[in-house]
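The residues making up each chain are set out below.
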Amino acid sequence: MREGRQDNPLMAGLKDAQRPQPCTLVIFGGGGDLSRRKLLPALYNQALDGELPANFAVLGFAFEEMNDESYREFARDGVEKYSRQPLDSEFWPDFEVKLHFQQGSFTDPKAYEQLKKRLDEIEAKFGIPGNRIYYLAIPPALIETCVQQLNQAGLVMPMDGVSPFSRIIVEKPIGRDLASARRINASLCENFDEQQIYRIDHYLGKETVQNILVMRFGNAIFEPLWNSRYIDHVQITVAEEDGVGTRAGYYDKAGALRDMVQNHILQLLTLIAMEPPWSMDANVIRDSRQDVLHCLRPIDRNNVEQSVVRAQYGAGFWRGEEVPGYRREERVDNASTTETFVALKVFIDNWRWSGVPFYIRTGKRMPKRASEIAIQFKSVPPIMFNADRNHPLEPNVLALSIQPNEGLSMRIATKLPGAKVRIYPVMMDFRYGSTFGERSPEAYERLLLDVMAGDATLFMRRDSVESSWIWIQDILDAWADNRSRWLPEYEAGTWGPLEADRLIETDGRKWRLL
């Protein structure tokens, strides 16, 4: 294997507690799509970059009929198709030898006995001191069963400072409503200490999202302007161009509000709106994010129609091909009222953000895949260059592009060259790819390393998950009471329904063109 983490000069000076520790990563659902498309390619890239600890192994655990050899072929296929870096045929044998597979049912106690035996064998072979990370890449309905079985099989070590560590990664969504989220969290905490639990939201591992903290608190120019005195409004857009595809069965029971807003988008909002944390300690930063969730103004039955728009995509064209409407998709109920688009107007009732609307929109079958946070500043006074009310100056906008091209841009007014004074808006652009000359690591790469190092900063705490569900639940209850059999439609390949435009235009503003 290439240069190990311990020999990596970039790690010089870091405390041991921040370094990935020797461990075995056990992937529940190791033969699934998330494993093939994201997790195994992420591990391969980490290994190629010399980021993984020298004593490390992977054990896929699932019901599929696989063995070590076929699992390595499965991993190779995923790396060839989805890896950030191309497969290096000379390096691959050093990586694949660390990949293993154990077949078993998640509900069978005997399967966990076999899992334990296999782990002991692998750890002895690779010199791993019993540290284990369990990644639950499984449906939410199986989480409670798996954590109970792990504990009963003696696969969860106590946090006593002496035993090897046991950590568990749980994929979103945590539940489908407040009650189920609380039940899952209770089960997790009965079997693991809260400090052993890493509730993953891969959006928090993206470079631009991490850069929000650096931009806000590493530069002196932004924080004095970061309040209702200077900011007019904030827009958060997460647009997907794909339909529901192979996720139709799951998606029809979830919808855009549960799938995107409850986790990804609310986490982005907390990073934009949080107060400055007083240290980089994980809990200090998570406390600041949690405070924002406490301050979200409730959207209840009385104002849901004024503050929330939901819709479904209808038939249309995507990349020149005709595509069906949502209700015509395979494995979707043809009477479904599940929303594939949602737009919200949100307020944060604290001193910093009083009166500043946050406009949120997310949907499927939109014109392009794009995620952006745009902070629009207030206009300059209507004097001097902005005196012509028929041609007002465009306000300054700070746009953070999360995907696909990570970076940020700032729109400012400048004078066009020439004898006359003519104002023209120009963009100050920063792109990770062009500035640093290489693609940023995938979010899962960063987050997996954080778990190995025991750093929970970019993971959701129990109270954060439940606070977001408390806020979302009011909207879900209002929709359930409404019992609507029809939702507004938007043509596939467009930016959403007219109702979403009205939501923002009644305030004298417009959605940004991405």
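Before reading further, recall that the structure is shown in the block above.
What you see is a predicted model; the values in this text were computed from it and never measured. (Residues numbered from 1 in each chain as written. Predicted model: local features only at pLDDT ≥ 70, side-chain atom pairs only at ≥ 80, totals over all residues. Heavy atoms only, no water.)

*Asks:* What exactly am I supposed to notice about a nonpolar patch on the surface here?
*Replies:* Together, Ile383, Met384, Phe385, Val421 and Ile423 give the surface a local cluster of nonpolar side chains, amounting to about 530 Å² of exposed area. Relative to the elements of secondary structure, isoleucine 423 occurs in strand E16 (residues 423–431). (Patch = residues over 30% accessible without salt bridge, like charges linked within 9 Å, V, L, I, M, F, W, Y side chains within 5 Å. Areas by Shrake-Rupley, 256 points an atom, 1.4 Å probe, with all protein chains shown as cover. Salt bridge = Lys/Arg side-chain N within 4 Å of Asp/Glu carboxyl O. Helix = DSSP H or I, 4+ residues; strand = E, 2+ residues; numbered from the N terminus.)

*Asks:* Hey, could you run me through the nonpolar core in this one?
*Replies:* When a protein is soluble and globular, its nonpolar side chains tend to lie buried together. By size, the foremost hydrophobic cluster in this structure holds 146 residues, and its most contacted members are Phe28, Tyr112 and Leu344. For this core, the leading source of residues is helix H9 (residues 256–273), giving eleven residues. Setting aside chain neighbours within four positions, we find leucine 344 in contact with Leu257, Val261, Ile299, Ser307, Val308, Phe358, Tyr359, Ile360, Trp471, Ile475 and Leu503. (Core = buried A, V, L, I, M, F, W, Y, C linked by side-chain atoms within 4.5 Å. Buried < 20%, exposed > 50% of the residue type's maximum accessible area, 1.4 Å probe, protein only. Contact = heavy atoms within 4.5 Å.)

*Asks:* What exactly am I supposed to notice about the sheet that holds strand E17 (residues 489–491) here?
*Replies:* To summarise the sheet geometry, strands pair through backbone hydrogen bonds and adopt either a parallel or an antiparallel arrangement. Strand order in this open sheet of nine strands is E16-E15-E14-E13-E7-E12-E11-E8-E17, and the pairing throughout is mixed. Each end of this open sheet is capped by a strand with a single partner; those strands are E16 and E17. On average, each strand axis in the sheet is tilted by 20 degrees relative to the strand beside it, whichever way the strands run. In this structure, strand E15 (residues 407–415) lies alongside E16, joined through nine bridges in antiparallel fashion. Directly across from serine 409, in E16, lies its bridge partner aspartate 429. Across the face of the sheet, helix H15 (residues 498–505) comes into contact with strand E7 (231–239), strand E8 (308–314), strand E11 (341–347) and strand E12 (357–363) while running at roughly 15 degrees to E11. (Pairing = 2+ DSSP bridges. Axes fitted to C-alpha atoms, helices over the stretch in contact; angles between N-to-C directions.)

*Asks:* Mind showing me how you'd approach the sheet that holds strand E5 (residues 166–171) here?
*Replies:* Taken in spatial order, the six strands line up as E3-E2-E1-E4-E5-E6 in an open sheet, and their pairing is parallel. Of all strands in the sheet, those bounded by a partner on one side alone are strand E3 (99–103) and strand E6 (197–200). Strand after strand, the sheet turns through a mean of 20 degrees between neighbouring axes, direction not considered. The pairing of strand E1 (residues 23–28) with strand E4 (residues 132–136) spans five bridges and is parallel.

*Asks:* Please clarify how the side chain of asparagine 191 should be interpreted in this entry.
*Replies:* Structurally, the position occupied by asparagine 191 is in helix H6 (residues 178–191). Polar side-chain contacts of asparagine 191 include one of 3.0 Å to the side chain of asparagine 151. If near-sequence neighbours (up to four positions away) are discounted, asparagine 191 is found in contact with Val147, Gln148, Asn151 and Val156. (Polar contact = N/O pair within 3.5 Å; in protein donor to acceptor, adjacent residues only side chain to side chain.)

By themselves, these observations are geometric and do not establish any function.
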